[in-house]
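Chain by chain, the residues run as shown.
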Amino acid sequence: MRFAIFVDDHPPPHVHVRGVGTARIALSDPPTVITNKGMSKPDIARAKDAVRERRQELLKVWTELHG
């Protein structure tokens, strides 16, 4: 899976996840799925786990990009 934060994106703070399908996951505590287009439940669970583990780092990047 690939995780991305886009420079020209909008709130709420979130990451875009690409794998087999795509999803947007909010950087909330706990991470929540905003959209899911074709990702399986196991892949969503893995993506949420990865976001949970790196949440502070991802929020730092989001804040640096979006203020």
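Residues numbered from 1 in each chain as written. Predicted model: local features only at pLDDT ≥ 70, side-chain atom pairs only at ≥ 80, totals over all residues. Heavy atoms only, no water.

*Asks:* Could you give me a rundown of the sheet that holds strand E2 (residues 14-19), with the residues and numbers involved?
*Replies:* Pairing between sheet strands relies on hydrogen bonds along the backbone, with the strands arranged either parallel or antiparallel. Strand order in the open sheet formed by 4 strands is E1-E2-E3-E4, with antiparallel pairing between adjacent strands. Edge positions in the open sheet fall to strand E1 (2-4) and strand E4 (32-37), since each of these has one partner strand only. Each neighbouring strand pair of the sheet contributes to a mean axis angle of 20°, computed without reference to strand direction. Sheet topology note: the strand E3 (residues 21-26)/E4 ladder contains 5 bridges and is antiparallel. Of the residues in E4, the one forming a bridge with alanine 26 is threonine 32. (Pairing = 2+ DSSP bridges. Helix = DSSP H or I, 4+ residues; strand = E, 2+ residues; numbered from the N terminus. Axes fitted to C-alpha atoms, helices over the stretch in contact; angles between N-to-C directions.)

*Asks:* Explain the nonpolar core residue by residue, including any values.
*Replies:* The biggest cluster of nonpolar side chains holds 13 residues, and the ones touching the most others in it are Val15, Val17, Ile25, Leu27, Val51 and Leu58. Those elements giving two or more residues to this core turn out to be E2, E3, helix H1 (41-53) and helix H2 (55-66). In this structure valine 51 touches Phe3, Val15, Ile25, Ala26, Leu27, Pro31 and Leu58, once residues within four positions along its chain are discounted. (Core = buried A, V, L, I, M, F, W, Y, C linked by side-chain atoms within 4.5 Å. Buried < 20%, exposed > 50% of the residue type's maximum accessible area, 1.4 Å probe, protein only. Contact = heavy atoms within 4.5 Å.)

*Asks:* Break down H2 for me, with residues and values.
*Replies:* Given 3.6 residues to a turn, an α-helix orients residues that are three or four positions apart in the same direction. An ideal rise of 1.5 Å per residue puts 16 Å on 12 residues; H2 measures up with 16 Å between its terminal C-alpha atoms. Elements that come into contact with the buried residues of H2 comprise E2 and H1. Just downstream of H2, glycine 67 is the residue with a positive phi angle, here 80°. (Expected span 1.5 Å × (residues − 1).)

*Asks:* I'd like a description of the side chain of arginine 55, backed by residues and values.
*Replies:* Note that arginine 55 resides in helix H2. The buried charged residue arginine 55 lacks any salt bridge partner; its closest oppositely charged side chain belongs to aspartate 29, at an N-O distance of 4.6 Å. (Lys, Arg positive; Asp, Glu negative; His and termini not counted. Salt bridge = Lys/Arg side-chain N within 4 Å of Asp/Glu carboxyl O.)

*Asks:* Explain the pattern of salt bridges residue by residue, including any values.
*Replies:* Under the definition given, this model contains 3 salt bridges. Put simply, arginine 52 and aspartate 49 hold a salt bridge, and the shortest N to O gap is 2.6 Å. Of this pair, arginine 52 and aspartate 49 are both found in helix H1, 3 residues apart, which corresponds to roughly one turn of the helix. By relative accessible area, arginine 52 is classed as partly exposed at 42%. Overall, aspartate 49 belongs to the partly exposed group, its relative accessible area being 36%. For the salt bridge of arginine 54 with glutamate 53, the shortest nitrogen-to-oxygen distance reads 3.6 Å.

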